[in-house]
Amino acid sequence: MTELALRRTPVDRERLLRLLQEYGVYLGVAVLVLVNTVFTPHFVSGENFRTQAVQVAPVLIVALGMALAIGSEGVDLSVGSVMALSTSLISLYLGYGPWLAIIVAVLGGMAVGLANGSLIAFIGVQPIVATLALMVAGRGLALVLLPQLKDVRDPGMATLGSGDLLGIPHLVLIAAALALAVAFTVRRTTFGRQLLAIGDSRPAAQLAGLPVRRVLILVYVVSGALAAIAGVLATARLSASDPTSLGTLMELSAITAVVVGGTPLSGGRVRIGGTVAGAILIQLLTATLIKHDLPPSWTQIAQAVVIVAAVCAARERGKR
């Protein structure tokens, strides 16, 4: 009996680790909701849930693009700078109408993504190096275009930032629609299958005749577009363009959401549902610390701890 129990122990541990990696992020969200329900005054209210949903929307949108980049065995460190660039472009072109300004901002994000993808796909620069370079250059360009904070006063942008449809904020609806679109793309399209194959093994994908360069470029173009959309929505919500601070450390939040959500840094897999839950987890964690009067620096420390825990769990599972 004892020998049988000893034989089953590693199997049970492996199963527990697998379940923790698959569903741990959902458990974390549930625990934070429960803790806040008990210890945080006025947490269970429609106004609070609306606030949390609006604040998490830009993080989620950026994390969707980050999930695609990580799924291709890469990373996109330029997303925060793309948000800053988009808010500068919004301010510069808003005089021509909000729709034109939004289109220009998204095109600017796609241009940064195209530069990232080209450096990675054609020149062979490592994703972390290529996107780090664009991270610095993008923020610098944003500050050249708009050196200081500027108010954004436009009825269309105000409606986008604070309006709702049937009681659901526009920002939340857009984030949900983009999450569904990315999930469909990963699961049901040729592009999604090619992305996962490249992330699993790029040499094997090349030998199989897959369009590796084209897929990698598209991945970073999409990531840039999503980051720019997040910048547009954040600008609309704040009614201000501030390239000095908008998007700062957004890459950390996005990577945290993706990794905690179960997408491995080694590539070959993308979990959009987990990414959504990861973004919610980060937002709830931040809100919990703020509501209990802890300094913002503790949020960054907590995110670092969460990332290390998630990566360690993934490595332990990989060894088995």
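Residues numbered from 1 in each chain as written. Predicted model: local features only at pLDDT ≥ 70, side-chain atom pairs only at ≥ 80, totals over all residues. Heavy atoms only, no water.

Engineer: What am I meant to see in the overall build of the protein here?
Structural biologist: When helices and strands are counted, the protein shows 13 helices and four strands. Taking 320 residues into account, the globule formula puts the C-alpha radius of gyration at 20 Å, and the protein, at 20 Å, falls close to it. Its C-alpha atoms put the protein at 80 × 55 × 35 Å along the principal axes. The 320 residues of the protein split such that 49% are buried. (Helix = DSSP H or I, 4+ residues; strand = E, 2+ residues; numbered from the N terminus. Rg over C-alpha atoms; globule rule 2.2 N^0.38 Å. Buried < 20%, exposed > 50% of the residue type's maximum accessible area, 1.4 Å probe, protein only.)

Engineer: What should I look at first to understand the environment of L64 in this one?
Structural biologist: Within the secondary structure, L64 sits in helix 2 (residues 46–71). When its relative accessible area of 0% is taken as the criterion, L64 is described as buried.

Engineer: Quick question: what am I supposed to make of the packing of helix 3 (residues 79–93) against helix 5 (residues 127–145) here?
Structural biologist: In helix packing, the relevant descriptors are the interaxial angle and the interaxial distance, both defined with respect to the helix axes. Contact geometry for helix 3 and helix 5: axes closest at 8 Å, N-to-C directions at 20 degrees. Here helix 3 lies roughly parallel to helix 5, going by the angle between them. The element helix 3 and its partner helix 5 pack so that their crossing is left-handed. Residue-level contacts link G80, S81, A84, L85, S88, L89 and L92 of helix 3 to L134, M135, G138, R139, L141, A142 and L145 of helix 5. Partitioning the contact of helix 3 with helix 5 into residue classes produces nine nonpolar, four polar and one charged. (Axes fitted to C-alpha atoms, helices over the stretch in contact; angles between N-to-C directions. Parallel < 35°, antiparallel > 145°, perpendicular 65-115°, else oblique. Left-handed = near helix turned anticlockwise from the far one by under 90°. Contact = heavy atoms within 4.5 Å. Nonpolar A, V, L, I, M, F, W, Y, C, P; charged D, E, K, R; others polar.)

Engineer: Just checking my understanding: could you explain helix 5 for this structure?
Structural biologist: Every α-helical turn comprises 3.6 residues, leaving residues that sit three or four positions apart pointing alike. With 19 residues, helix 5 extends 26 Å between its outermost C-alpha atoms, agreeing within 8% with the 27 Å of an ideal straight helix rising 1.5 Å per residue. Among the residues of helix 5, those classed as buried are P127, A130, T131, L134, G138, R139 and A142. Burial along helix 5 is one-sided: seen end-on, the buried residues are contained in an arc of 155 degrees. Of the residues in helix 5, the exposed ones pointing more than 90 degrees away from the buried face are V136 and V144. Close packing links the buried residues of helix 5 with helix 3, helix 4 (98–123) and helix 10 (212–238). (Expected span 1.5 Å × (residues − 1). Arc of directions from axis to C-beta.)

Engineer: Even after reading the chapter, I still don't get the pattern of salt bridges, so can you show me in this structure?
Structural biologist: A side chain of one charge can pair with a side chain of the opposite charge if their charged atoms are brought near each other. As enumerated under the stated definition, the model contains two salt bridges in all. For R50, the salt bridge is made with D164, and the minimal N-O distance between the two is 3.7 Å. One end of the pair, R50, is in helix 2; the other, D164, is in strand 2 (residues 164–165), and 114 residues separate them in sequence. (Salt bridge = Lys/Arg side-chain N within 4 Å of Asp/Glu carboxyl O.)

Engineer: Teacher, can you tell me more about the packing of aromatic side chains here?
Structural biologist: Both the distance between ring centres and the angle between the ring planes are used here to describe each pair of aromatic rings. For the coordinates displayed, the defined rule picks out two aromatic pairs. Both rings, one in F43 and one in F49, keep their centres 5.7 Å apart while their planes meet at 85 degrees; by these two values the pair is edge-to-face. Relative accessible area serves as the criterion here: at 4%, F43 is assigned to the buried category. Seen in terms of ring centroids, Y93 and Y96 are 6.1 Å apart; in terms of plane orientation they differ by 40 degrees. Their pairing is tilted. The class for Y93 is partly exposed, based on a relative accessible area of 32%. (Phe/Tyr/Trp six-rings, centres within 6.5 Å; stacked < 30°, edge-to-face > 60°.)

Engineer: What is the right way to look at the side chain of S78 in this model?
Structural biologist: Inspection of the secondary structure puts S78 in the loop between helix 2 and helix 3. Looking at S78, the relative accessible area reads 1%, which means it is buried. Within the local environment of S78, its side chain forms a polar contact with the side chain of N116, the two groups lying 3.0 Å apart. With sequence-adjacent residues up to four places away left out, S78 is seen in contact with V112, N116, T131, L134 and M135. (Polar contact = N/O pair within 3.5 Å; in protein donor to acceptor, adjacent residues only side chain to side chain.)

Everything listed here is a matter of coordinates, which is why it stays silent on function.
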